[in-house]
Amino acid sequence: MDYSISDSLQRRLNTTQEFLDSEIIPMEKYFLRGQWDELESMIANARLKVKSLGLWAPHLPKSLGGTFTGLVDLALFAEVLGQSPLGHITFGCQAPDAGNAELLHLHGTESQIQQWLRPLALGDIRSCFAMTEPHTAGSNPTLLDSSAVLDGDEWVINGRKWFTTSADGADFTIAMVITDDTAAKHSRASMIIVPLDNPGYKLIRNIPIMGHAGKGYFSHAEIEFTDCRVPVGNMLGGEGQGFSLAQERLGPGRIQHCMRWLGIGKRAFAEMCSYVKTRKISSNQTLADQQLMQAMIADSAADLAAARALVIETAWTVENQGFKAAKENISLIKFYTANVMQRVVDRALQAHGGLGMTDDTIISYFFREERAARIYDGPDEVHRLAVARKILKQY
Ligand SMILES: Cc1cc2nc3c(=O)[nH]c(=O)nc-3n(C[C@H](O)[C@H](O)[C@H](O)COP(=O)(O)OP(=O)(O)OC[C@H]3O[C@@H](n4cnc5c(N)ncnc54)[C@H](O)[C@@H]3O)c2cc1C
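Here is what the cut-offs are and how they apply
- Residues numbered from 1 in each chain as written.
- Predicted model: local features only at pLDDT ≥ 70, side-chain atom pairs only at ≥ 80, totals over all residues.
- Heavy atoms only, no water.
- Near = heavy atom within 4 Å.
- Polar contact = N/O pair within 3.5 Å; in protein donor to acceptor, adjacent residues only side chain to side chain.
- Areas by Shrake-Rupley, 256 points an atom, 1.4 Å probe, with all protein chains shown as cover.
- Helix = DSSP H or I, 4+ residues; strand = E, 2+ residues; numbered from the N terminus.
- Contact = heavy atoms within 4.5 Å.
- Axes fitted to C-alpha atoms, helices over the stretch in contact; angles between N-to-C directions.
- Left-handed = near helix turned anticlockwise from the far one by under 90°.
- Nonpolar A, V, L, I, M, F, W, Y, C, P; charged D, E, K, R; others polar.
- Salt bridge = Lys/Arg side-chain N within 4 Å of Asp/Glu carboxyl O.
- Buried < 20%, exposed > 50% of the residue type's maximum accessible area, 1.4 Å probe, protein only.
- Phe/Tyr/Trp six-rings, centres within 6.5 Å; stacked < 30°, edge-to-face > 60°.
- Lys NZ or Arg CZ within 6 Å of the ring centre and 35° of its normal.
- Expected span 1.5 Å × (residues − 1).
- Domains from an automatic or database assignment.
- Buried area = accessible area lost by both parts, 1.4 Å probe.

## Concerning the site of the ligand
- As a structural note, the neighbourhood of the ligand is formed by 19 residues, with Thr132, Gly138, Ser139, Phe163 and Glu381 the closest of them.
- One of the side-chain N or O atoms of Ser139 is found 2.5 Å from an oxygen atom in the ligand.
- Contact between the ligand and Phe163: a nitrogen atom at 3.0 Å from a main-chain N or O atom of the residue.
- Isolated, the ligand exposes 980 Å² of accessible area, and the fraction of that covered by the protein chains is 67%.
- Broken down by secondary-structure element, the contributors of at least two residues to the shell around the ligand are strand 1 (127-130), strand 3 (154-165) and helix 13 (380-393).
- For the shell around the ligand, the element with the highest residue contribution is helix 13, accounting for three residues.

Next comes the structure, spelled out in C-alpha cells:
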C-alpha cells in the first residue's frame, strides 16, 4: 500500500490549512454565540474565496464544479476541514448535502441532475436526508413505516421523520419511504426527492440537542409529510432500491465522517497542548510539567495515530479494491474512530478545567454535539456486532 502524497496534493492541503487558520477559525466566535445572520454572510464570502482558490467541493468531480481526485485525497481534506465545525460548510462538502450530491451524481436522472444536483453542487441550494423516524428503531431501518403510494403520476407521501439534519432552510429532502409493504424486507423502501416548499410538508421543530437548538445547517429537525404529493419522476434510483442506495451513500460517507472526527481530535489535542503549556499551577510549574497530564497527551497522540492509520488504510482499500473489500473495516473505523475522537475531546476538556465547560473555546461544542458520532450512521453496537459476526464466521 502506497500512502505517499504528491507535491501538488500537499500544496492544496497546506493552502486549505492556512485558509482554515486565517479565515474559518476566526468565524467560530460568531458560531459559538449563535449569531446566525452574521455567520451566514461571512460563510458566503468565505465560499467565494474558496472557489477562487480552486478548492471548492473536494468530493465532487470537475464536471460538477468540484475538485475530487480520489477517496484518500478526500479523506485528507476532511481531516483538515474537520478541525472546525465551519470547515466543511465553507468548502461546500458538508453532510448531508455531500452524501445527497453523491447519490444524485450516481443515480439521478438527467432532469434530477439539472434541477437538484447542479445548484446543490454550487452551494446555491441546500438539502437534507430524511430516514430516521421517532416511533421506529433507526438502528434497524427495515422497520420504518413512512410510506409513498402511487396515485396517477404522483407519489403521495405520509409519515413523520426526525433528526433530519439541516432541514431548517433546506430546499429539498431525500426521503426514505416504504413503496411496497409486501416486498422482501430490503426491497420495501425507495428514495424520493421532496421539494420542501410542498404544502404537504411541515417542519415541526428544530430539536434542541443537549440544551442547544441549532439553526440552518446546524439544525436537526422533526418533520412531517401529510398527503405530500410529488411527481412520479422524483424517485431516485429504482423502486425498492432505497436500502441499497443508502448503503452506497453511507460507505464513502463514513470515511469522510471518520476523517472529520480525526480533525476534531487533532484540534482538541492542539488546544489541550497549547493550554497546558501556559497554565501555571504553581510558581514554577505549568500543567504540562505534570506527569498525569503528559500521560493524557501521550495517550491521545497514540489514539489519534492508530485511528488515522486505520481510516487511511480503509480509504485506500475502497479506492483500489472496491467497497466490498473494505466493508468490515468501514464498520470497524466507524465505531473505533468515534470513540477515539470522544476520548481525546474529553481529555482536552478536562485539561481546560472550568474553561473547558464554557463556550469560550470550541471544546465544549465538540463534546456536546459530537457525542452523536457514536449514534448516527449506525450506533456503536450495530457496527461492533457486524464486525464480530464477520470475524466469528472464520472460526
Ligand atoms: C445529531 C444526529 C444527527 C442525525 N442526522 C440524521 C439525518 O440527517 N437523517 C436521518 O435519517 N437520521 C439522522 N440521525 C438519526 C440516526 O441515524 C439514528 O439516531 C440512529 O440510526 C439510531 O437510531 P435510533 O435513534 O432510533 O436508536 P434505536 O434504534 O432506538 O437504538 C437505541 C440504542 O440502542 C442500541 N442498540 C441498537 N441496536 C442494538 C443491538 N442490536 N444490540 C445492542 N444495542 C443496540 C444503540 O446503543 C442505540 O443507540 C441523526 C441522529 C443524531 C443524533
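## Quick notes on the side chain of Arg267
- Position of Arg267 among the secondary structure elements: in helix 8 (residues 242-278).
- Side chain to side chain, Arg267 and Glu28 meet in a polar contact 2.8 Å long.

## Concerning the environment of Arg118
- Of note, Arg118 is situated in helix 7 (residues 110-122).
- Apart from residues lying up to four places away in sequence, Arg118 is in contact with Ser63, Leu64 and Ile113.

## A look at the packing of helix 6 (residues 97-107) against helix 7
- Contact geometry of helix 6 with helix 7 gives a least axis separation of 10 Å together with a crossing angle of 145°. Seen from above, helix 6 lies across helix 7 with left-handed handedness. Here helix 6 contributes Asp97, Asn100, Ala101, Leu104, His105 and His107 to the contact with helix 7, which in turn contributes Gln112, Ile113, Trp116, Leu117 and Leu120.
- Of the residues in the contact of helix 6 with helix 7, the class split is six nonpolar, four polar and one charged.

## Points about the pattern of salt bridges
- In this structure the tally under the stated criterion is 17 salt bridges.
- The partner of Glu79 in a salt bridge is Arg308, and the shortest N-O contact between them spans 2.8 Å. Of this pair, Glu79 sits in helix 4 (residues 71-81) while Arg308 is found in helix 9 (residues 291-321), placing the two residues 229 residues apart along the sequence.
- For Glu79, a relative accessible area of 7% translates into the label buried.
- By relative accessible area, which is 33% here, Arg308 ends up partly exposed.
- The partner of Glu222 in a salt bridge is Arg160, with the nearest N and O atoms 3.0 Å apart. Of this pair, Glu222 sits in strand 7 (residues 220-231) while Arg160 sits in strand 3, and the two are 62 residues apart along the sequence.
- Note on Glu222: relative accessible area 8%, which makes it buried.
- Under the relative-accessibility criterion, Arg160 is labelled partly exposed at 31%.
- Three or more residues joined by partner-sharing salt bridges are found here, namely Arg160, Arg205, Glu222 and Glu224.

## Focus on the packing of aromatic side chains
- Taken as a whole and judged by the stated rule, the model has 10 aromatic pairs.
- Pairing Phe31 with Trp36 gives two aromatic rings, centres 5.9 Å apart and planes at 85°, and the pair type is edge-to-face.
- Overall, the relative accessible area of 5% leaves Phe31 in the buried class.
- Between Trp116 and Phe172 the ring centres are 4.8 Å apart and the planes differ by 50°, which places this aromatic pair in the tilted class. Residue Trp116 is located in helix 7, and its partner Phe172 is located in strand 4 (residues 172-178); the two are separated by 56 residues in the primary sequence.
- Accessibility expressed as a relative area gives 8% for Trp116, which makes it buried.
- Three or more aromatic residues joined by ring pairs make a cluster, and in this case those are Phe31, Trp36, Phe218, Tyr365 and Phe366.
- The cationic tip of Arg33 hangs over the ring face of Tyr30; the distance from NZ or CZ to the ring centre is 5.7 Å.

## Some words on the packing of helix 4 against helix 9
- Where helix 4 contacts helix 9, the axes come no closer than 8 Å and their chain directions differ by 150°. For the pair formed by helix 4 and helix 9, the contact residues are Leu71, Val72, Ala75, Leu76 and Glu79 on the first element and Arg308, Ile312, Ala315, Trp316, Val318 and Glu319 on the second.
- Residue composition of the contact of helix 4 with helix 9, grouped by class: eight nonpolar, no polar and three charged.

## Describing helix 10 (residues 327-351)
- Over its 25 residues, helix 10 runs 37 Å from end to end, which matches the ideal 36 Å to within 8%, given 1.5 Å per residue.
- Gly353 sits one or two positions beyond helix 10 and adopts a positive phi of about 60°.

## Notes on the domain arrangement of the protein
- For the protein, the assigned domains are domain 1 (7-104), domain 2 (127-236) and domain 3 (243-393).
- Here the C-alpha centre of domain 3 lies 30 Å away from the C-alpha centre of domain 2.
- Counting residues at the interface gives 15 residues for domain 2 and 11 residues for domain 3.
- Interface of domain 2 and domain 3: buried area, both sides summed, is about 1,200 Å²; carbon and sulfur atoms make up 71% of it.
- For the pair domain 2 and domain 3, the number of links is zero salt bridges.

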